[in-house]
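Here are the chains, one letter per residue:
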Amino acid sequence: MRYALLVLAAPQSSAASQGALRFARAALARGHTVSRVFFYGEGVHNATALAVPPQDEVDTVAQWRDFALANGIELVVCIAAALRRGLLDEGERERYERTAANLDPAFVLSGLGQLAEAALESDRVITFGG
Amino acid sequence: MSTLHIVSTAPTAGTALADALRVAGAGDTLLLTGDGVYAAVAHAPGPSQLLREAAATGVQLYALLPDIDARGLAHRLHPGVRLVDDNGFVELTERCPRTASWF
Amino acid sequence: MKKILVVVRGSPYGSARAREAIDAALLLSAFAAEIAVLFSGDGVWQLQPGQQPGSIAAQPVQAMLGAFEAYDITRVYADAGALAERGLDAGHLLGGATALDATALRELFVNHDRVITL
């Protein structure tokens, strides 16, 4: 089956992001496809390239990046939710004339249409929130 | 066409569990994850009552094992709650055509 | 075509959750064959009449709920149990929401292919 995941919580504020990662790994292990992970609301904080967790703590951003690269999974961040929270890629940095871009390159900014598409085209949509 | 209801916040932190169980009916499945697993503790009067009522109406009750173990709850569980690991979580989503998350 | 149920559970003004949930519901309506919106839990506080968030320099949710009609979102519901717990009058709700009891809620879920909680 094709799964789409929706992540709505920041890695530091709940266990939802880690739960989504564990679920995604288990889904692949059972032979399913994870077509897209969409980050919305506070979930956009999963895509920052600038978080520096202490060495004895889990680096959730790195885990998403490694997981996506190893399995060819799209990590899509809602652009409106990201801009609101100061999460920019190089294009948005330039457009809004901010001093730095901080979106991890494993993630892409896009619109909510990507969530709609994922919801309609996959067999299952699982939401991971607060 | 049953629904898998996933509750991920503690029963003392809001109304997610109660709201989910108003919707859940016979043939539906409830899975407690994250802090939601605190509802599975036996002798917590409010949540236990909700879970008993849900089981009586034909809702199947599950909790996510890694979240139970992490919180030291393995020996304090409500007897009607079955445990699944991450693989079992995926299996539940295969079985239920629809999932609804509550938090 | 798939039918989507959006469950809105955030109270207004406490965080961006409510606003972003309505944004998403409006956008999803353009893609789905059919869409319904259910206000659940503290989300029902969005339906409280008489909000004047100018007092805290916030945008009113009324304007957003008013957009439902323009986006052809006609099926707007509230969990009657959640309304009752909060002392909200099911007869006076913003957004044209209809209160549903537990039986009707169950039916609502069964009649949709996808449930997205925001």
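Rules used throughout
Residues numbered from 1 in each chain as written. Chains lettered and ligands numbered in written order. Predicted model: local features only at pLDDT ≥ 70, side-chain atom pairs only at ≥ 80, totals over all residues. Heavy atoms only, no water. Helix = DSSP H or I, 4+ residues; strand = E, 2+ residues; numbered from the N terminus. Rg over C-alpha atoms; globule rule 2.2 N^0.38 Å. Buried < 20%, exposed > 50% of the residue type's maximum accessible area, 1.4 Å probe, protein only. Contact = heavy atoms within 4.5 Å. Buried area = accessible area lost by both parts, 1.4 Å probe. Salt bridge = Lys/Arg side-chain N within 4 Å of Asp/Glu carboxyl O. Polar contact = N/O pair within 3.5 Å; in protein donor to acceptor, adjacent residues only side chain to side chain. Nonpolar A, V, L, I, M, F, W, Y, C, P; charged D, E, K, R; others polar. Axes fitted to C-alpha atoms, helices over the stretch in contact; angles between N-to-C directions. Parallel < 35°, antiparallel > 145°, perpendicular 65-115°, else oblique. Left-handed = near helix turned anticlockwise from the far one by under 90°. Pairing = 2+ DSSP bridges. Core = buried A, V, L, I, M, F, W, Y, C linked by side-chain atoms within 4.5 Å. Right-handed = clockwise from strand over helix to strand, strands pointing away. Phe/Tyr/Trp six-rings, centres within 6.5 Å; stacked < 30°, edge-to-face > 60°.

J.: Account for the overall build of chain B, naming residues and giving values.
T.: Tallying secondary structure elements over chain B gives four helices and five strands in all. Taking 103 residues into account, the globule formula puts the C-alpha radius of gyration at 13 Å, and chain B, at 12 Å, falls close to it. Its C-alpha atoms put chain B at 35 × 25 × 25 Å along the principal axes. Burial status across chain B gives 59% buried among its 103 residues.

J.: Could you give an account of the interface of chain C and chain A, with specific residues and numbers?
T.: Contact with chain C, which involves 16 residues of that partner, is made by 18 residues of chain A. Across the chain C/chain A interface, buried area totals approximately 1,300 Å², and carbon plus sulfur atoms make up 64% of it. If you look at where chain C meets chain A, you find three salt bridges. Glu20 of chain C is the salt-bridge partner of Arg84 of chain A, the closest N and O atoms lying 2.6 Å from each other.

J.: Which residues make up the interface of chain B and chain C, and what values go with them?
T.: By a frequent convention, interface size equals the accessible area lost on bringing the separate parts together. The partner chain C presents 19 residues to the 16 residues of chain B that form the contact. Between chain B and chain C the total buried area reaches about 1,400 Å² when both faces are included, carbon and sulfur atoms providing 48% of it. Among the residues chain B hides against chain C, the three largest losses belong to Arg22, Arg98 and Phe103 of chain B. Together they make up 44% of the total. Between the two partners, chain B and chain C, sit three salt bridges. Taking the shortest distance from any N to any O, the salt bridge between Arg9 of chain C and Asp19 of chain B comes out at 2.9 Å. Along the contact surface separating chain B from chain C lie 12 residue pairs in polar contact (both at pLDDT 80 or more). Broken down by secondary-structure element, the contributors of at least two residues to the side of chain B that touches chain C are helix H1 (16-23) and strand E5 (98-102) of chain B. When residues of the side of chain B that touches chain C are assigned to their parent elements, the largest contribution, five residues, is made by E5 of chain B. Here the side of chain B that touches chain C is composed, by residue class, of eight nonpolar, five polar and three charged.

J.: With reference to specific residues and values, describe the packing of H1 of chain B against helix H2 (residues 45-56) of chain B.
T.: Residue and element names in this part refer to chain B. One can describe the packing of H1 onto H2 by two numbers: an axis separation of 11 Å at closest approach and a directional angle of 15°. Classified by the angle their axes make, H1 and H2 are roughly parallel. The two elements H1 and H2 meet at a crossing, and its hand is left-handed. Along its contact with H1, which presents Leu17, Ala18 and Leu21, the element H2 presents Pro47, Leu50, Leu51 and Ala54. Here the contact of H1 with H2 is built from residues that sort into seven nonpolar, no polar and no charged.

J.: Let's hear about the sheet that holds strand E4 (residues 82-84) of chain B: which residues, and what values?
T.: All names here are of chain B. Reading across from one edge, E4-E3-E2-E1-E5 is the order of the five strands in this open sheet, with parallel pairing throughout. Each edge of the open sheet carries a strand with a single partner, namely E4 and E5. Each neighbouring strand pair of the sheet contributes to a mean axis angle of 25°, computed without reference to strand direction. With five bridges joining them, strand E1 (residues 3-7) and E5 adopt parallel strand pairing. In the strand pairing of E5, His5 is matched with Ala100. Set on the sheet, H1 makes contact with E1, strand E2 (29-32) and E5; between it and E1 the angle comes to about 170°.

J.: So what about the nonpolar core? Which residues, and what values?
T.: Tyr40, Trp64, Val77 and Phe107 of chain A together with Phe39 of chain C are the most contacted members of the largest nonpolar core, which has 88 residues in total. No other element matches helix H1 (residues 16-29) of chain A, which puts seven residues into this core. With sequence-adjacent residues up to four places away left out, Phe107 of chain A is seen in contact with Phe39, Asn46, Ala47, Val61, Trp64, Leu75 and Val77 of chain A.

J.: Go over the pairing of E1 of chain B, please, and point to the residues and values.
T.: Residues and elements named next belong to chain B. In terms of burial, E1 is a largely internal element, five of the five residues being buried. Looking at chain direction, E1 and E2 are connected through four bridges and run parallel. Looking at E2, one finds that Leu4 is bridged to Thr29. For the segment spanning E1, H1 and E2, crossover handedness is right-handed.

J.: How would you sum up the packing of aromatic side chains? Please name residues and give values.
T.: For any pair of aromatic rings, the description consists of the separation of the ring centres together with the inter-plane angle of the planes. All names here are of chain A. This model, assessed by the stated rule, comprises nine aromatic pairs over all chains. Each ring, one from Phe39 and one from Trp64, has its centre 5.3 Å from the other, and the planes form 90°; the classification is edge-to-face. Residue Phe39 is located in strand E2 (residues 33-39), and its partner Trp64 is located in helix H2 (residues 60-71); the two are separated by 25 residues in the primary sequence. Judged by relative accessible area, Phe39 falls into the buried class, the value being 0%. The class for Trp64 is buried, based on a relative accessible area of 0%.

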